[in-house]
Amino acid sequence: MSHKPVLILDETLPTGLKANFAAVLGMSLGQLRPELVGAHTTTRDGQVLNGITTVALPVLGASAADLPTLFAAASDLPLRLAYMRAAFEAHDYADYSARIAAAPLAGHAPQAILLAGPRKAVDRICGSLPLLR
């Protein structure tokens, strides 16, 4: 694959929220880049398992204060997704959409981001970040 995807989460979030935010962004990645999902595989006894990702998806940690800067630094990458605080606070998707539309990008706080692009460009932005613990 010519693009490297990475997830970057606010390292101070509770474990359950980290897992949820990663799952949400992973779903979006799968929708936007379906070629990253492999073919179904069959076990020896004939059970079909749906395809999973064909690429590694590192999950990195960063401070909440650094996430907006990292997101901005990725503005030229082919893929840049964010789980904004508005999503966590919203009651449903319509409420989320209204909250996002009510403020400029700088007025939103990302709690998790997913970046994908050429390996060197992605590494320049987040290569020094540690794996999430």
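Higher on the page you've got the structure.
Quick summary incoming for the structure in this document.

Procedures and definitions
Residues numbered from 1 in each chain as written. Predicted model: local features only at pLDDT ≥ 70, side-chain atom pairs only at ≥ 80, totals over all residues. Heavy atoms only, no water. Phe/Tyr/Trp six-rings, centres within 6.5 Å; stacked < 30°, edge-to-face > 60°. Helix = DSSP H or I, 4+ residues; strand = E, 2+ residues; numbered from the N terminus. Buried < 20%, exposed > 50% of the residue type's maximum accessible area, 1.4 Å probe, protein only. Core = buried A, V, L, I, M, F, W, Y, C linked by side-chain atoms within 4.5 Å. Contact = heavy atoms within 4.5 Å. Salt bridge = Lys/Arg side-chain N within 4 Å of Asp/Glu carboxyl O. Pairing = 2+ DSSP bridges. Axes fitted to C-alpha atoms, helices over the stretch in contact; angles between N-to-C directions.

## Some remarks on the packing of aromatic side chains
One pair of aromatic rings is described through two measures. These are the centre distance and the angle between the planes. Within this structure, the stated rule accounts for 3 aromatic pairs. Look at Phe21 and Phe88: their rings are 6.2 Å apart centre to centre, the planes differ by 75°, and that puts the pair in the edge-to-face class. Taken as a pair, Phe21 in helix α1 (residues 15-32) and Phe88 in helix α3 (residues 85-89) lie far apart in primary sequence, 67 residues in all. A relative accessible area of 0% places Phe21 in the buried class. According to the relative accessible area criterion, Phe88 is partly exposed, its value standing at 39%. When the ring of Tyr93 is compared with that of Tyr96, the centres are 5.3 Å apart and the planes differ by 50°; the resulting orientation is tilted. Taken together, the residues Tyr93 and Tyr96, both in helix α4 (residues 93-101) and 3 residues apart, mark about one turn of the helix.

## A closer look at the nonpolar core
Judged by nonpolar contacts, the single largest core of 17 residues is most densely connected at Ile8, Leu70, Leu115 and Cys126. Those elements giving two or more residues to this core turn out to be β1 (3-10), β4 (59-62), α2 (67-73), β6 (110-118) and α5 (119-126). Per-element accounting of this core gives the leading share, 4 residues, to α5. Residues in contact with Leu115, not counting those within four places in the same chain, are Lys4, Pro5, Val6, Ile8, Ala74, Leu77, Leu79, Arg80 and Ile125. Grouped together as the second largest cluster of nonpolar side chains are 15 residues, Leu25, Leu36, Leu79 and Ala116 included.

## Some remarks on the environment of Pro110
With respect to the helices, strands and loops of the structure, Pro110 is situated in strand β6. Each C-alpha atom of the pair Pro110 and Thr15 lies 17 Å from the other, and the pair is 95 residues apart in sequence. Discounting residues that sit within four places of it in the chain, Pro110 has contacts with Leu67, Pro68, Ala82, Tyr83 and Met84.

## Considerations on the pattern of salt bridges
Per the counting criterion, the structure on display carries 4 salt bridges. With its nearest N and O atoms 2.9 Å apart, the salt bridge here joins Arg85 to Glu89. Of this pair, Arg85 and Glu89 both sit in helix α3, 4 residues apart, roughly one helical turn. Among the salt bridges present, the one from Glu89 reaches Arg99, with a minimum N-O distance of 3.6 Å. On the criterion of sequence distance, the pair formed by Glu89 in helix α3 and Arg99 in helix α4 is long-range, its members being 10 residues apart. The exposure class of Glu89 is partly exposed, given its relative accessible area of 36%. For Arg99, a relative accessible area of 30% translates into the label partly exposed.

## Thoughts on the side chain of Gln111
Checked against the element boundaries, Gln111 lands in strand β6. For Gln111, a relative accessible area of 9% puts it in the buried group. Sequence-distant contacts of Gln111, that is, excluding residues within four places in its chain, are made with Leu9, Asp10, Leu13, Phe21, Leu67, Tyr83, Arg85 and Phe88.

## Section: the sheet that holds β1
Strands belonging to one sheet form pairs held by backbone hydrogen bonds; the direction of such a pair is parallel or antiparallel. Ordered by their spatial adjacency, 4 strands build an open sheet running β4-β1-β6-β5, and the pairing between neighbours is mixed. Each edge of the sheet is formed by a strand with only one pairing partner; in this case those strands are β4 and β5 (79-84). Mean inter-strand twist for the sheet, computed between neighbouring axes without regard to direction, equals 20°. As judged from the 7 bridges shared by β1 and β6, these two strands associate in the antiparallel manner. Across the sheet, residue Leu7 finds its bridge partner in β6, namely Leu114. Set on the sheet, α5 makes contact with β1, β4 and β6; between it and β6 the angle comes to about 150°.

That's the geometry; what it means functionally is another story.
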